[in-house]
Amino acid sequence: MARILAVANQKGGVGKTTTSVNLAAALAAAKRKVLLVDLDPQGNATMASGVDKHEAKPNGCEVLLDEAAIGDVLVRTEAGFDLLPGNGDLTAAELKLMDGLAREHRLKEQLAKISDKYHTILIDCPPSLHLLTLNALTAADGVLIPVQCEYFALEGLSSLLDTISAVRQRLNPKLEVEGLLRTMYDVRNNLGNEVSAQLTQHFGDKVLRSIIPRNVRLAEAPSHGQPIHLYDRGSRGAIAYIGLAGEIIRRERAMSTHDAGELTNDLDEAAPDASGATPTTP
Ligand SMILES: Nc1ncnc2c1ncn2[C@@H]1O[C@H](COP(=O)(O)OP(=O)(O)OP(=O)(O)O)[C@@H](O)[C@H]1O
Ligand SMILES: [Mg+2]
C-alpha cells in the first residue's frame, strides 16, 4: 500500500506545485515508485511534468466521476514517475460532485485500486479548501504544507489546520500533518529567519528540517516541462529537493519500524502464552 501525501495550503503561490513535482521526481530518482496526482484545475503540475494539459483527456475529472478507469488515465513522465493529469475539467468534476453521494471519498476510492503499485502517492492540491482539496485530505495519510518564507506566511494556516482536524474527525481519522516545509527561503533576507523562528515556535518538530531556497532554476524548470533534476541537477533547488526526498523516506522508515514494533506488541498482548517464545523484534 502506498503512503499518500496531500501537498496542501489554500494560500496561493506558496510552492505546492513546485514541491509536488520536484519531490515526485526526487523520490523516483531514489528508485521509489511514485504517482503524482494533479488535482488542481490550473494543471500546473501536469505541465511542469512535461505533459500537455490541453491534450490530457481523459484526466482526473473522468476518474473522479467514475467515467474512466484510473489505470487507463495514468501517464509515465520523463522523470520516471506516473502522473494522473489534471486541467480545467476538474472544475466541472468538482461542480458535478457537489450533489453526489460520498462526494469527499471519490479520490480515495479510485486510488485504492492502484495503491499497491506505488510506494508514495503525492497529490498537488488547488489553492482552496473546497471539495477537490477535501477529496485529497480524505484520501491522504499525511499533509505536507509548504509555507513561503515571506510576510503573512502564517496567515491562513489556522484555517488549514482547522480543516485538517475536521477531516480527521468526520472523514479520515488517520490523517496527520506530515510536516511544514519552508519554501522560497532567501538567505540574504532576515525575513526568512524570522518566519522560520515563528514556525518553529508554533509548530515545533512538525517543521521539516529540509528548507527549499529561493532559486531561479526552480522557477524556470516548469516552462521546460521538466522537474529540476532534469533541468539543472546541480542547482541549489535540485539539491534541496533531493534532501527533502531523503527526509521523507527516513520518516517513512522510522514510522514502519514503529508500526512493526507496535504490531509485535499487539501480537504479544494477543497471545502472551502461545508458545512461551519471546517474539523477535524486526
Ligand atoms: N523555491 C523557489 N524558488 C524560486 N521560485 C519558486 C520557488 N518555488 C516556487 N517558485 C515559483 O513561485 C511560483 C509559485 O509556485 P507554485 O506554483 O509551486 O506555487 P503553488 O502553491 O502551487 O501555487 P498555486 O496556489 O497557484 O497552485 C511559481 O512561479 C514557481 O515557479
Ligand atoms: Mg499549484
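Within an unreviewed UniProt entry, the label attached to the chain reads Chromosome partitioning protein, and the organism entered is Luteibacter jiangsuensis.

With reference to specific residues and values, describe the side chain of Asp38.
Locating Asp38 in the fold gives a position in strand β2 (residues 34-38). Within the buried core, Asp38 has no salt-bridge partner, and the shortest N-O distance to an opposite charge, that of Lys53, equals 8.0 Å. Here Ala45 takes part through its backbone nitrogen, which lies 3.4 Å from a polar atom of the side chain of Asp38. The residues contacting Asp38, other than those within four sequence positions of it, are Gly43, Asn44, Ala45, Thr46, Leu84, Pro85, Gly86, Leu90 and Asp124.

Explain the sheet that holds β2 to me, and be specific about the residues and the numbers.
With respect to topology, eight strands assemble into an open sheet ordered β3-β4-β2-β5-β1-β6-β7-β8, the strand pairing being mixed. Taken across any chain shown, the strands that pair with only one partner, and hence form the sheet edges, are β3 (75-76) and β8 (207-213). Pairing analysis gives five bridges linking strand β1 (residues 3-7) to strand β5 (residues 120-124), with the strands arranged parallel. Opposite Leu5, over in β5, you have Leu122 as the bridge partner. Lying on the sheet, helix α1 (residues 16-29) is in contact with β1, β2, β5, β6 (142-148) and β7 (176-185); it crosses β5 at an angle near 160 degrees. Contacts from helix α7 (residues 131-139) reach β1, β5 and β6, with the element oriented near 150 degrees to β1.

Report on the layout of surface pockets, specifying residues and quantitative values.
Gaps left between atoms show up when a probe the size of a water molecule is rolled over them. Space inside the largest pocket adds up to approximately 500 Å³. For the largest pocket, the lining is made up of 30 residues, of which Gly15, Thr17, Thr18, Met184 and Leu218 are closest to its centre. Listed by contribution, the elements that provide at least two residues to the lining of the largest pocket are α1, α2 (44-48), β7, β8 and α10 (216-220). Among the elements that take part in the lining of the largest pocket, α1 stands out by supplying five residues, more than any other. Looking at the lining of the largest pocket residue by residue, the classes come out as 16 nonpolar, eleven polar and three charged.

Give me the lowdown on the site of ligand 1, citing residues and values where you can.
Lys16, Thr17, Thr18, Pro213 and Asn215 are the nearest of the 17 residues found near ligand 1. Between Thr18 and ligand 1, the recorded distance is 2.5 Å, taken from a side-chain N or O atom to an oxygen atom. Contact between ligand 1 and Asn215: a nitrogen atom at 2.9 Å from a main-chain N or O atom of the residue. Burial of ligand 1 by the surrounding chains reaches 80%, relative to a free accessible area of 630 Å². In a pocket analysis with a 2 Å cut-off to the grid points, ligand 1 is assigned to the largest pocket. Contributing elements (two or more residues each) for the shell around ligand 1: α1, β8 and α10.

Account for unusual backbone geometry, naming residues and giving values.
Between Lys57 and Pro58 the backbone carries a cis peptide bond, its omega angle lying at -5 degrees. Among the secondary structure elements, Pro58 is positioned in the loop between α2 and α3 (60-64).

Can you lay out the packing of helix α5 (residues 89-97) against α7 for me, pointing to particular residues and giving the numbers?
One way to put it is that α5 packs onto α7 with a least axis distance of 9 Å and a crossing angle of 80 degrees. Here α5 is positioned roughly perpendicular relative to α7, judged by the angle of their axes. Together, Leu90, Glu94 and Leu97 of α5 and Leu131, Leu132 and Asn135 of α7 make up the contact between the two elements. Along the lines of polarity and charge, the residues of the contact of α5 with α7 split into four nonpolar, one polar and one charged.

Run through α7, naming residues and quoting values.
Counting buried residues in α7 gives nine out of nine residues, a clear majority hidden from the surface. Those residues of α7 lying buried are Leu131, Leu132, Thr133, Leu134, Asn135, Ala136, Leu137, Thr138 and Ala139.

Describe in detail the pattern of salt bridges, supporting the description with residues and values.
Applying the stated criterion across every chain, the model contains 13 salt bridges. Here Arg3 makes a salt bridge to Glu178, at a shortest N to O gap of 2.5 Å. Here the residue Arg3 occupies a position in strand β1, and Glu178 occupies one in strand β7, the gap between them amounting to 175 residues. You can call Arg3 buried: its relative accessible area is 16%. A salt bridge links Asp186 to Arg188; the nearest nitrogen and oxygen atoms lie 3.3 Å apart.

Got a sec to walk through the side chain of Gln10? Specific residues and values, please.
You can see Gln10 is positioned in the loop between β1 and α1. At 2.8 Å, the side chain of Gln10 and the backbone oxygen of Gly156 are in polar contact. With sequence-adjacent residues up to four places away left out, Gln10 is seen in contact with Pro127, Ser128, Leu129, Gly156, Ser159 and Leu160.

Criteria and thresholds
- Residues numbered from 1 in each chain as written.
- Chains lettered and ligands numbered in written order.
- Predicted model: local features only at pLDDT ≥ 70, side-chain atom pairs only at ≥ 80, totals over all residues.
- Heavy atoms only, no water.
- Helix = DSSP H or I, 4+ residues; strand = E, 2+ residues; numbered from the N terminus.
- Buried < 20%, exposed > 50% of the residue type's maximum accessible area, 1.4 Å probe, protein only.
- Lys, Arg positive; Asp, Glu negative; His and termini not counted.
- Salt bridge = Lys/Arg side-chain N within 4 Å of Asp/Glu carboxyl O.
- Polar contact = N/O pair within 3.5 Å; in protein donor to acceptor, adjacent residues only side chain to side chain.
- Contact = heavy atoms within 4.5 Å.
- Pairing = 2+ DSSP bridges.
- Axes fitted to C-alpha atoms, helices over the stretch in contact; angles between N-to-C directions.
- 1 Å grid on protein atoms, 1.4 Å probe; cavity = no way out; pocket = protein on both sides within 12 Å on 5 of 7 lines; lining within 4 Å.
- Points joined across faces, edges and corners; volume = space filled by probe spheres on them.
- Nonpolar A, V, L, I, M, F, W, Y, C, P; charged D, E, K, R; others polar.
- Near = heavy atom within 4 Å.
- Areas by Shrake-Rupley, 256 points an atom, 1.4 Å probe, with all protein chains shown as cover.
- Sits in = over half its atoms within 2 Å of the grid points.
- Parallel < 35°, antiparallel > 145°, perpendicular 65-115°, else oblique.

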